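Overview (structure and organization)
Here is what each chain is made of, one letter per residue.
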Amino acid sequence: MKNFITLADLPDFDQTLHLAMELKKQPTQWDSMGRGKTLGLLFFNPSLRTRLSTQKAAQNLGLPTMVMNFSQESWALEFEDGTKMSGLRSEHVKEAAAVVSQYCDMVAIRAFASLSDKEKDEAEIVLKSFAQYASVPIINMESATAHPLQALADAITLKEHQTPHKPKVVLSWAPHPKALPHAVGNSFVNMMGYMEADFVITHPEGYALNPEITKGIECTTDQQKALKDADFVYTKNWCSYEEYGQILRTDDQWMITPEKMKHTNNGKFMHCLPIRRNIVASDGVLDSPNSLVIQQSQNRIYSAQAVLKQLLENE
Amino acid sequence: MKNFITLADLPDFDQTLHLAMELKKQPTQWDSMGRGKTLGLLFFNPSLRTRLSTQKAAQNLGLPTMVMNFSQESWALEFEDGTKMSGLRSEHVKEAAAVVSQYCDMVAIRAFASLSDKEKDEAEIVLKSFAQYASVPIINMESATAHPLQALADAITLKEHQTPHKPKVVLSWAPHPKALPHAVGNSFVNMMGYMEADFVITHPEGYALNPEITKGIECTTDQQKALKDADFVYTKNWCSYEEYGQILRTDDQWMITPEKMKHTNNGKFMHCLPIRRNIVASDGVLDSPNSLVIQQSQNRIYSAQAVLKQLLENE
Amino acid sequence: MKNFITLADLPDFDQTLHLAMELKKQPTQWDSMGRGKTLGLLFFNPSLRTRLSTQKAAQNLGLPTMVMNFSQESWALEFEDGTKMSGLRSEHVKEAAAVVSQYCDMVAIRAFASLSDKEKDEAEIVLKSFAQYASVPIINMESATAHPLQALADAITLKEHQTPHKPKVVLSWAPHPKALPHAVGNSFVNMMGYMEADFVITHPEGYALNPEITKGIECTTDQQKALKDADFVYTKNWCSYEEYGQILRTDDQWMITPEKMKHTNNGKFMHCLPIRRNIVASDGVLDSPNSLVIQQSQNRIYSAQAVLKQLLENE
């Protein structure tokens, strides 16, 4: 694995999942593996779980980290080729990526979608530019269109609650006051491609995800039908993909409530966090023992650690 | 000790003080105690001494730290129960505290008073919410109403300058251009409850601290009388408690000067820092050999280390 | 060496250069030298290379670091003596420096020139005040008038591309849309004083560096003549020194282009980064194999490490 930008970069998904679950049992069994190496964490956007879980994963491997907040601590970066850099951006990613490669043995990056320019977002200009100009592996800590470390943590969580039967997993859109990216939804869909499950996506009119990503997957605008007998309800807001970046509705018809959960098969509730209570899901859902959200966040350590370990072994 | 939110949480004040002084003599004698564990430091407000001294204390114990500035690096938190989170706050403390507990074995938090809502400040909503929803110990790095790590460092400093006689210790209000919290004053008063001393508080009219905290302690508005023969003059500004958050005066009548110090018993000058020179105390006081302010800041390492060590042993 | 504020503080330039090059060959051969000690990194300005390379250098020596961004994380500092601190600055450098000395065994500081007050900038008030009031060594991570860690890295880079003949080294001014400090230019000039080379400075009318620094060095406003047969072209913008802080021109006549590089002796291109492409130098120059800019950034690790190692040995 040269970089970890999407789940498809993993040499073997099942083996990675297995490794992550082994690491959870004995987190520090390879605690001198990272000795003498350095992981750089570059943030272009806020982060709580990703920041801390990736640091903890590195610490479990004895891998020192250096954290850098690009919006506050460093220079604004230019990503376009051939521009006359006379504006606010004082350093080109060509230099920044090559320079960071001198100081770090791996570089993890968070760079959200703009949600204003679909083409640029889909080009994944930040992650792809770093991957192009860096001489060390690049790790995706949520890019414009993908959040594979979250999806891998979600796979661990699903596995930890394995049902005796083939489970029904539902990805349900939920409302939100702000326009949110598709990254978590996309990566969850990609990840479900590796799992044995009946997988259904449900969302209101106008909120279909990128059809190239959901090709061959059952999608319905009937949330009630989708939730029926579900074993897992993965909830997430995203803005419209078709009317890119738009919020088409903010009413609470699609909020997940205890009443809706009653129609599931004693379904588990999942969300990547942060979650807005009583907007995306009501208190009763989040405070129920069937909520797996905290366990999902715990598994972020081991999804990151499984990726870091494989990259360390590559070298 | 489950959490360290106020001095009253310590299992034994005198033993803790003794431990801190032992740690100062041999700071790294338990330098592998924290191995494999992690201390999270969460800042909702600026910090110099607290940030660095707590990190240093952790380092002395071999305890890795992860620092997080909530105002810049993460999501704004919601603390109210049952709200529809449709505003600017995108994560509830219920999730944030539970999530951070997955990554850290202890969480230290700084969250200042608002000084606009007395009831909320006294409810200590940030620290108490974290303590309620976290599954790991919470450490107070200055909350709305208490700064116990400072008070413990002050106790070390007083002990290091023990007088042959029972000392006279004065806590004197001093002027300041901004409204400041009562946290340092409150915790100093609490701490003095564990010390053998004649303790007097002096402040202008309208600046009495919370009477529940100062119950039974001599308070006077006659600064000159209070300073007379004092062995230690602990100076600190706070805004009005009665007219909550108000600044009632900014004149320099209450500033500590070398002239005033002359009436003390060759008294030592103490302040928690940061201090505004020639407003709170004049240059001549701060630059005098009788000023203990730098030593107080040094002792912040050992007060933090004594608390961290006890929490590590708890587990 | 008490502090490292300029190159002149080094006990022996040549030995330091030699040490740095040895460290590059075996970066971790002294990886327990910093054990139990702490390096504080204080930033008053943005930093990418300096931040990460200094951290990496410390890590190679087993020296723990604590990073502090003064503009966001701490209190604003007062540097003037005797002021009544009634404004925005809530802590005096007298206290800040003495306090930080309690927690760190060495303190590295970045504090750029204001470019508005020549006298204050030349007084190096931030670095000098810290050096005066700290009880531990102070390291310059770019001050108002000097950037010696960069110059030392540049010396390593020059040495690594040694020519069979005495090389011709040109320092050429280049355009830039913002007013930039003279620190890098000054320290490069100082560094060249230790090297065997024909050294020429070229800049447009009005852009002469401080004549005290360039005394005895050939300076010309004829860039073409200066570049002729050059072995190394070190490029850097700075604002006017005479008309202090002013930008006198922003046209691209002085931009370094492949056409200009043709007149050199297959000259190597150098710049400290960050660089604005197609303003300071064109893409063709930066993307050419003759560009040494990434190697310069790599050598920042070893210039910092050579300084840190000597300071650690001092103690």
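Examining helix H6 (residues 125-133) of chain B
Taken residue by residue, H6 of chain B has Val126, Leu127, Ser129, Phe130 and Ala131 of chain B as its buried positions. On its buried face, H6 of chain B is in contact with strand E1 (39-43), strand E3 (77-78), helix H4 (93-103), strand E5 (106-110) and strand E6 (138-140) of chain B.

Some points on the packing of helix H4 (residues 93-103) of chain C against helix H6 (residues 125-133) of chain C
All names here are of chain C. The geometry of H4 relative to H6 is characterised by a closest axis approach of 8 Å and an angle of 60° between their N-to-C directions. As summarised for this structure, H4 and H6 are arranged oblique, according to the angle between their axes. Handedness of the crossing formed by H4 with H6: right-handed. In contact with Val93, Lys94, Ala96, Ala97 and Ala98 of H4, H6 contributes Ser129, Phe130 and Tyr133.

Focus on the interface of chain B and chain C
Bring the parts together and some accessible area is lost; that lost area is often taken as the interface size. Contacts between chain B and chain C engage 32 residues on the former and 32 residues on the latter. In total, chain B and chain C occlude about 2,800 Å² of area from one another, counting both sides; carbon and sulfur atoms represent 55% of this. The interface formed by chain B and chain C contains 5 salt bridges. With its nearest N and O atoms 3.2 Å apart, the salt bridge here joins Asp287 of chain B to Lys94 of chain C.

Some details on the interface of chain C and chain A
Counting from both sides, the interface comprises 32 residues of chain C and, opposite them, 32 residues of chain A. The contact between chain C and chain A buries some 2,800 Å² in all, and 55% of this surface belongs to carbon and sulfur atoms. Linking chain C to chain A there are 5 salt bridges. Taking the shortest distance from any N to any O, the salt bridge between Glu95 of chain A and Arg277 of chain C comes out at 2.8 Å. Counting across the chain C and chain A interface gives 12 residue pairs in polar contact (both at pLDDT 80 or more). Breaking the side of chain C that touches chain A down by element, the ones donating at least two residues are helix H2 (49-60), helix H12 (283-286) and helix H13 (293-314) of chain C. When residues in the side of chain C that touches chain A are grouped by element, the largest group, 7 residues, is from H2 of chain C. The class makeup of the residues in the side of chain C that touches chain A is 12 nonpolar, 9 polar and 11 charged.

Conventions used here
Residues numbered from 1 in each chain as written. Chains lettered and ligands numbered in written order. Predicted model: local features only at pLDDT ≥ 70, side-chain atom pairs only at ≥ 80, totals over all residues. Heavy atoms only, no water. Buried < 20%, exposed > 50% of the residue type's maximum accessible area, 1.4 Å probe, protein only. Helix = DSSP H or I, 4+ residues; strand = E, 2+ residues; numbered from the N terminus. Contact = heavy atoms within 4.5 Å. Axes fitted to C-alpha atoms, helices over the stretch in contact; angles between N-to-C directions. Parallel < 35°, antiparallel > 145°, perpendicular 65-115°, else oblique. Left-handed = near helix turned anticlockwise from the far one by under 90°. Buried area = accessible area lost by both parts, 1.4 Å probe. Salt bridge = Lys/Arg side-chain N within 4 Å of Asp/Glu carboxyl O. Polar contact = N/O pair within 3.5 Å; in protein donor to acceptor, adjacent residues only side chain to side chain. Nonpolar A, V, L, I, M, F, W, Y, C, P; charged D, E, K, R; others polar.

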